[in-house]
Amino acid sequence: MAGFTGSCFLCFKMKVSRIASLLCKRTEVRRHTVCRTFTSGSTTRQQQLSTPRGSICRLESMELPSVGAKSVLVKLLAAPINPSDINMIQGSYAILPDLPAVGGNEGVAQILEVGSQVKALRPGDWVIPRDAGLGTWRTAAVLAEDDVISLPNDIPLFSAATLGVNPCTAFRMLSDFEELKPGDTVIQNAANSGVGQAVIQIAAARGIQTINVVRDRPDLTQLIDRLKAMGASHVIKEETLRRHEMKELFKTCPRPKLALNGVGGKSATELLRHLQVGGSMVTYGGMAKQPVTVPVSALIFKNVKVKGFWVTQWKRTHSQEEGALRGMLDELCSLIRQGKLTAPACSEVGLQDFRKALDTAMQPFTSAKQVLVV
C-alpha cells in the first residue's frame, strides 16, 4: 500500500517473524514487522491465514528506508481491525491495493524522527492516517508528512486508535444530511457497532434523541443497559420495527428526521417506514449483504431522501480545505476529554496473534473490537 513503507504487520500475503528490538536507535537502519496480504499461490502455508478470496495474510520482517526531508519515522502503537479491513483483504472493498499489501486502514502512531523540512510535526507527537489504504498493521513506518495528521496525546490510546473511521463517520452523518436540533430524533440499525456507539454518544452530547435497533442475542439485556449508559434514548430489537410498539414509542418522541443504515435489506426498509415526511436515510454499510429496497409510498407520499456516505470519500473531497479534518478531529477530541465520547469495547491483541484477532473479528455478535498493539 502507498504510504507506510516501513514495518508491516498484517499483509494480504505474509510470513511471521520477530525483531529483537524496535527502533532502539533512530539513526540506524531498522527492521520492522508488517502484516501483508498475498495471492494464495505465491507463498508457503507456514504461519499464514487464508481468507475467503484465497489471499493469504502473514507477518514479514522488512528494512525501513531512511527518513527523507519531508517524511517522518513512526512507531505504531495500536491499530484496530474494522469490517472494511476484512473486506479489503477479501477483495470486496472499494479500495483494492496491488498485492502484496499491508493491511489496516486505521491506527495511531508515535513520531520518532522527522525530516529536515518537516514543520508541523515533532518527535513524540501522536498521528493517525489522513486517508484509507495507508497500511497500519505494522510496527513502524517511514511516511510522508502529508499522509498523517496529529492528535493530542492526552486522550486514551484506544480512543486515538479508533478515532479516524467510526467517530468521523458518525460525526459527518449527524452533521451533513439533516439540520438536527436538540429534541430531534435519529433512528439507526447496527446500533452496537463502532459507528452506532459513536452516533449514540455524539447525538446525546447534542441533545438529540436516538432510537437504536439491535439484533436479538443471548446477552440482549446487558447490551441494552450498556447502550443506554452511553446515552441511547431507546434500544429496540429488529422485530419491534414492525410492531404496534412503534406507535407507542412515537408518543414519547418525534418521528426521526434521519435514519442511519449500516445493515441493508429488510432492516433498511423498516427504518425508512418510520421516517417523518421529508426525512433522510443515509446508508454507510451493508452487513446483511442485501440491497436496500425503498417503498414507492415513501418516495411519493413522504418525499424521503435516500443517500449514501463513505468517510474516505469525504476526506478526499475535503482534502484541500484547510481545517476541515482538523476541525472535526478537534471537536471529537474535546468530547473525549469531557467523557462524552469513549472508544468501543476493545480487546488488546499482540501483533504475533493477528490470526486469532482476525478470526474473532469475523465472528457474529462480536462484542469487542480487536486492536493490534505493538
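How each quantity is defined
Residues numbered from 1 in each chain as written. Predicted model: local features only at pLDDT ≥ 70, side-chain atom pairs only at ≥ 80, totals over all residues. Heavy atoms only, no water. pLDDT = per-residue confidence, 0-100. Contact = heavy atoms within 4.5 Å. Core = buried A, V, L, I, M, F, W, Y, C linked by side-chain atoms within 4.5 Å. Buried < 20%, exposed > 50% of the residue type's maximum accessible area, 1.4 Å probe, protein only. Helix = DSSP H or I, 4+ residues; strand = E, 2+ residues; numbered from the N terminus. Patch = residues over 30% accessible without salt bridge, like charges linked within 9 Å, V, L, I, M, F, W, Y side chains within 5 Å. Areas by Shrake-Rupley, 256 points an atom, 1.4 Å probe, with all protein chains shown as cover. Salt bridge = Lys/Arg side-chain N within 4 Å of Asp/Glu carboxyl O. 1 Å grid on protein atoms, 1.4 Å probe; cavity = no way out; pocket = protein on both sides within 12 Å on 5 of 7 lines; lining within 4 Å. Points joined across faces, edges and corners; volume = space filled by probe spheres on them. Nonpolar A, V, L, I, M, F, W, Y, C, P; charged D, E, K, R; others polar. Disulfide = S-S within 2.5 Å. Axes fitted to C-alpha atoms, helices over the stretch in contact; angles between N-to-C directions. Parallel < 35°, antiparallel > 145°, perpendicular 65-115°, else oblique. Left-handed = near helix turned anticlockwise from the far one by under 90°. Phe/Tyr/Trp six-rings, centres within 6.5 Å; stacked < 30°, edge-to-face > 60°. Polar contact = N/O pair within 3.5 Å; in protein donor to acceptor, adjacent residues only side chain to side chain. Expected span 1.5 Å × (residues − 1). Arc of directions from axis to C-beta.

On to the confidence of the model for the protein, then. Averaged over every residue, the pLDDT of the protein is 88; the share at 70 or more is 86%. Within the model, pLDDT remains below 50 along residues 9-29, and this stretch shows 108 contacts once partners closer than five positions in the same chain are excluded. Every residue in residues 40-50 scores below 50 in pLDDT, and together they form 31 contacts with partners more than four places removed in sequence or on other chains.

Let's shift gears to the nonpolar core. Among the nonpolar cores identified, the biggest contains 43 residues, and Val 108, Leu 174, Ile 202, Leu 258, Leu 329 and Leu 332 are the most heavily contacted of them. Per-element tally for this core: the top contributor is helix H10 (residues 324-337), with eight residues. The next biggest cluster of nonpolar side chains, apart from the first, holds 17 residues, and it includes Phe 250, Leu 272, Leu 275 and Val 304.

Turning next to a nonpolar patch on the surface. A cluster of nonpolar side chains, namely Val 292, Val 296, Leu 299, Ile 300, Phe 301 and Val 306, defines an oily patch on the protein surface of about 570 Å² accessible area. With three residues, the single largest contributor to the nonpolar patch is helix H8 (residues 296-300). For Leu 299, the location among the structural elements is in helix H8.

The next subject is the pattern of salt bridges. Close approach of charged atoms allows side chains with opposite charge to pair. Under the criterion given, the structure shown has eleven salt bridges. Here Glu 248 ties to Lys 251 by a salt bridge, and the two come within 3.2 Å at their closest N and O atoms. Judged by relative accessible area, which is 38%, Glu 248 ranks as partly exposed.

Volume-wise, the second largest pocket comes out at about 480 Å³. Residue lining of the second largest pocket: 19 residues in total, with Arg 130, Asp 146, His 318, Ser 319 and Leu 325 positioned closest to the centre. Listing elements by their share of the lining of the second largest pocket, those giving two or more residues are helix H9 (311-317) and H10. Of the residues assigned to the lining of the second largest pocket, the class counts are six nonpolar, four polar and nine charged.

On to the state of the cysteines. One pass over the structure, following the stated rule, counts zero disulfides. The thiol of Cys 333 is unpaired, and the distance to the nearest cysteine sulfur, on Cys 168, comes to 9.1 Å.

What follows deals with helix H1 (residues 83-90). A large share of H1 lies buried, amounting to six of its eight residues. Within H1, burial applies to Ser 84, Asp 85, Ile 86, Met 88, Ile 89 and Gln 90. Where H1 terminates, the next one or two residues include Gly 91, which has phi positive at roughly 85°.

Moving on, we get to the packing of helix H3 (residues 166-176) against helix H4 (residues 194-205). Where H3 contacts H4, the axes come no closer than 8 Å and their chain directions differ by 50°. In terms of axis orientation, H3 runs oblique to H4. With respect to the hand of their crossing, H3 and H4 are arranged in right-handed fashion. Contact residues: Asn 166, Pro 167, Thr 169, Ala 170, Phe 171, Met 173 and Leu 174 in H3; Gly 194, Val 195, Ala 198, Val 199, Ile 202 and Ala 203 in H4.

So, on to the packing of aromatic side chains. Per the counting criterion, the structure on display carries two aromatic pairs. Ring centres of Tyr 93 and Trp 310 lie 6.0 Å apart, and the angle between their planes is 80°; this geometry places the pair in the edge-to-face category. With Tyr 93 in the loop between H1 and strand S5 (101-102) and Trp 310 in the loop between strand S15 (305-308) and H9, the pair connects residues that are 217 residues apart, well separated along the chain. Assessed through its relative accessible area of 18%, Tyr 93 is described here as buried. Owing to a relative accessible area of 28%, Trp 310 belongs among the partly exposed residues under this scheme. Here Phe 177 and Phe 309 contribute two aromatic rings whose centre-to-centre distance is 6.1 Å and whose plane-to-plane angle is 90°, an arrangement assigned as edge-to-face. With Phe 177 in the loop between H3 and strand S10 (185-188) and Phe 309 in the loop between S15 and H9, this pair connects stretches of sequence that are 132 residues apart. For the pair formed by Phe 177 and Phe 309, the shared burial category is buried.

To continue, consider the packing of H3 against H10. Where H3 meets H10, the closest approach of the two axes is 11 Å, and the angle between their N-to-C directions is 105°. On the basis of the axis angle, H3 is roughly perpendicular to H10. Each of Pro 167, Cys 168, Phe 171 and Arg 172 in H3 lies in contact with H10, whose residues at this interface are Met 328, Leu 329, Glu 331 and Leu 332. The residue makeup of the contact of H3 with H10, split by class, is six nonpolar, no polar and two charged.

This next bit is on the side chain of Glu 178. With respect to the helices and strands, the residue Glu 178 is situated in the loop between H3 and S10. At 2.6 Å, the side chain of Glu 178 forms a polar contact with the side chain of Ser 280.

All right, on to the environment of Val 235 then. With respect to the secondary-structure elements, Val 235 resides in strand S12 (residues 234-237). The class of Val 235 is buried, set by a relative accessible area of 11%. The contacts of Val 235, once residues within four sequence positions are left out, are Asn 212, Val 214, Ile 224, Leu 227 and Lys 228.

So, about H10. If you check H10, its first and last C-alpha atoms are 20 Å apart, about what 14 residues at 1.5 Å a residue would give, namely 20 Å. Residues Ala 324, Leu 325, Met 328, Leu 329, Leu 332, Cys 333, Leu 335 and Ile 336 constitute the buried set of H10. Projection of H10 onto a plane perpendicular to its axis shows the buried side chains occupying an angular sector of 155°, all on one side. For H10, the secondary structure elements touched by its buried residues are strand S7 (126-129), strand S9 (148-151), helix H2 (157-161), H3, H4 and H9. Positive phi appears at Gly 339, one or two residues downstream of H10, with a value of about 75°.

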